[in-house]
Amino acid sequence: VEIDMVINVPNGRASRVAIVGFGTVGRSVARILCSNEVPQLQLTRIFNRGVARKRVDWVPPSVAWTESIDEALAPDVDLVVELVGGLEPADGWVRRALESGKSVVTANKQLIAHRGASLVELADRCGCELRFEASVAGGVPVLRALQDGLAGDRLVSVTGIVNGTCAYILSRMEHANLRFADALAEAQAAGFAEADPSEDVDGSDAAAKLSILSAIGLRLPVRAADIAARSIRPIERVDFNYAFELGRTIRQIAHASVQPDGSVIAAVGPALVPLDSGFGRVTGSENLVTVRGIFGGETSFLGSGAGGSPTAVAVVSDLLSIHRAWRRRDEHAAGPLTSAARQVSGDIFAPHYVRFVARDRTGIIAAVGSVFARYGLNIDAVLQLPDYPKDRLPFVATLEPCSDSEVRRALADIATLDWVVEPPLSLPMLPFGARREAA
Ligand SMILES: NC(=O)c1ccc[n+]([C@@H]2O[C@H](COP(=O)([O-])OP(=O)(O)OC[C@H]3O[C@@H](n4cnc5c(N)ncnc54)[C@H](OP(=O)(O)O)[C@@H]3O)[C@@H](O)[C@H]2O)c1
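Residues numbered from 1 in each chain as written. Predicted model: local features only at pLDDT ≥ 70, side-chain atom pairs only at ≥ 80, totals over all residues. Heavy atoms only, no water.

*Asks:* Please provide a residue-by-residue account of the overall build of the protein, values included.
*Replies:* For the protein, the helix and strand inventory stands at 15 helices and 16 strands. Its C-alpha atoms give the protein a radius of gyration of 24 Å, within 12% of the compact-globule value 22 Å for 439 residues. Taken along the three principal axes of its C-alpha coordinates, the protein extends 80 × 50 × 35 Å. Counting the 439 residues in the protein, one finds 53% classified as buried. Within the protein, contacts between residues separated by at least 24 positions form 75% of all contacts whose residues are at least 6 apart in sequence. Measuring between centres, the 45 positive side-chain charges of the protein sit 2 Å from its 51 negative side-chain charges. (Helix = DSSP H or I, 4+ residues; strand = E, 2+ residues; numbered from the N terminus. Rg over C-alpha atoms; globule rule 2.2 N^0.38 Å. Buried < 20%, exposed > 50% of the residue type's maximum accessible area, 1.4 Å probe, protein only. Contact = heavy atoms within 4.5 Å. Lys, Arg positive; Asp, Glu negative; His and termini not counted. Charge placed at Lys NZ, Arg CZ, Asp CG, Glu CD.)

Here you go:
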């Protein structure tokens, strides 16, 4: 045992680690570091505001608890773990750590999605490392897999379920036949959704993760703010009934792809996914990311997207990898985060599901068909389930592959017809395809 330790530890000593932020993930990281499983890493400081109420008896007395950030960034600390979350003050603290020569590991997707480029540049200038595996898909080591395991391919698309709150809500709507509002309330009571759930359900959390995934996987820097995000709020139970008729269910999908003409699509929102696919089977806090490369085809990564322990494993793995590569530069650490952002479009090209709610009368299908025909859209199927009231009759049309923008233009026309009770809902259906190239 002694010999193993010495071989694994450069300079014969463990790296000294400070945890900044002792919340859900911070505690779980401390648990691992205090477990004797990773002798290469020695926890020496724990920082949090109001630190007295945070103390736990399983942390050894050699660890100093502090509410002074200066102490957490003291010269005798080698590695800093940022687990406070949010942009400020985390950003300032990470910069101070890097400027004082400490490598940093963070789980903070907002920080990396919005400030990652300049932080990576700073880390490079300071001869340090910045790692952020836990910022996307929690415990699923997808960034490392894309960066190293698939470095020999050129990836052209990434499609994922990366938000546990949406997966929980949509799978409860599906399996327990709940309305959106009730599934959300249940998720909040169970601790799977925040009091203000907008970041999750309206898509900005997934957009931040997609921006990191596309930088690392597709080597395309895309600003999170440029990613079109659609909310899952308009999804109703009837949409699951119709999706089921089509052999599908509904999940929040984050998707980025390089089109044949070199343009980039990046969008987040609810989509129909085949029931018998990996995406259709994801429930709760599971995350699934599938990438497609020009040589290797499809590769998928599935696992726990959230939760203290899985996320902490990703954090500690990052710490170990820095420890092993001590002062050796990892050339492709996060190159694309440093480049200028790419222009993206949210105009997904795919078969579409369109749900109407109508006051029943004759000629409705013909009217819908003629508007779609005017826009060059082909109906694949029309479905109408029995037992809905005649004055609020939902029915569904599926369309052959077409772009989101074409569908929305047609729906804007249809929305003005007198039998329309509420604005039609359109959702793309997996698998998403490549846009037609202009003739
Ligand atoms: N939880 C997950 O499953 C998960 C998964 C992947 C990534 N992440 C990311 O990991 C990071 C941490 O998440 P978490 O779930 O552990 O959050 P959390 O439980 O809220 O922990 C944050 C900790 O930071 C402390 N803190 C916040 N602001 C502070 C300030 N200004 N000064 C000093 N201390 C401050 C908080 O102290 P108080 O107790 O006083 O508020 C709390 O102890 C976030 O970036 C999150 O997005 C979390």
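*Asks:* If you had to explain the nonpolar core to someone new, which residues and values would you point to?
*Replies:* Core analysis: the biggest nonpolar cluster contains 56 residues, and Leu130, Val142, Leu146 and Leu213 have the highest contact counts within it. With 8 residues, helix 10 (residues 204–217) is the single largest residue contributor to this core. Discounting residues that sit within four places of it in the chain, Leu130 has contacts with Val94, Val104, Thr106, Ile112, Leu119, Val120 and Ala123. Of all hydrophobic cores here, the second largest spans 45 residues; its members include Ile232, Ile235, Phe356 and Val396. (Core = buried A, V, L, I, M, F, W, Y, C linked by side-chain atoms within 4.5 Å.)

*Asks:* How would you summarise the sheet that holds strand 14 (residues 379–383) if you had to cite specific residues and measurements?
*Replies:* Strands sit in the order 14-15-13-16 across an open sheet of 4 strands; the sheet is antiparallel. The open sheet has two free edges, formed respectively by strand 14 and strand 16 (420–428), since each of these has just one partner strand. Looking at each pair of strands side by side, their axes are set apart by 15 degrees on average, direction ignored. Direction of pairing for strand 14 relative to strand 15 (residues 393–403): antiparallel, over a ladder of 4 bridges. If you follow Leu383 over to strand 15, its bridge partner there is Val396. Its contacts with the sheet put helix 11 (residues 237–245) on strand 13 (349–358), strand 14, strand 15 and strand 16, and the angle it makes with strand 13 is roughly 130 degrees. (Pairing = 2+ DSSP bridges. Axes fitted to C-alpha atoms, helices over the stretch in contact; angles between N-to-C directions.)

*Asks:* Would you mind going over the site of the ligand in detail, with residue names and values included?
*Replies:* As a structural note, the neighbourhood of the ligand is formed by 22 residues, with Asn48, Arg49, Arg53, Lys54 and Gly307 the closest of them. Here an oxygen atom of the ligand sits 3.3 Å away from a polar atom, N or O, in the main chain of Phe22. A distance of 2.5 Å separates an oxygen atom of the ligand from a polar atom in the side chain of Arg53. For the ligand, whose free accessible area comes to 890 Å², the fraction covered by protein is 75%. Grouping the constituent residues of the shell around the ligand by class yields 10 nonpolar, 8 polar and 4 charged. (Near = heavy atom within 4 Å. Polar contact = N/O pair within 3.5 Å; in protein donor to acceptor, adjacent residues only side chain to side chain. Areas by Shrake-Rupley, 256 points an atom, 1.4 Å probe, with all protein chains shown as cover. Nonpolar A, V, L, I, M, F, W, Y, C, P; charged D, E, K, R; others polar.)

*Asks:* So what's going on with the packing of aromatic side chains? Residues and values would help.
*Replies:* Summed over the entire model, instances satisfying the criterion amount to 7 aromatic pairs. Seen from their ring centres, Phe356 and Phe372 are 6.4 Å apart, and the 55 degrees between their planes marks the pair as tilted. A residue pair is termed long-range when its members are at least 10 positions apart, and Phe356 in strand 13 and Phe372 in helix 14 (residues 364–374) qualify at 16 residues. Each member of the pair Phe356 and Phe372 is classed as buried. Ring geometry for Phe356 versus Phe395: centroids 5.0 Å apart, planes at 20 degrees, classification stacked. With a gap of 39 residues between them, Phe356 in strand 13 and Phe395 in strand 15 connect regions that are remote in the sequence. Exposure class is identical for Phe356 and Phe395. Each is buried. Of the aromatic side chains, those joined through ring pairs into one cluster are Phe356, Phe372, Phe395 and Trp419. Taking the ring centre of Trp58 as reference, the NZ or CZ of Arg31 above it sits at 4.0 Å. (Phe/Tyr/Trp six-rings, centres within 6.5 Å; stacked < 30°, edge-to-face > 60°. Lys NZ or Arg CZ within 6 Å of the ring centre and 35° of its normal.)

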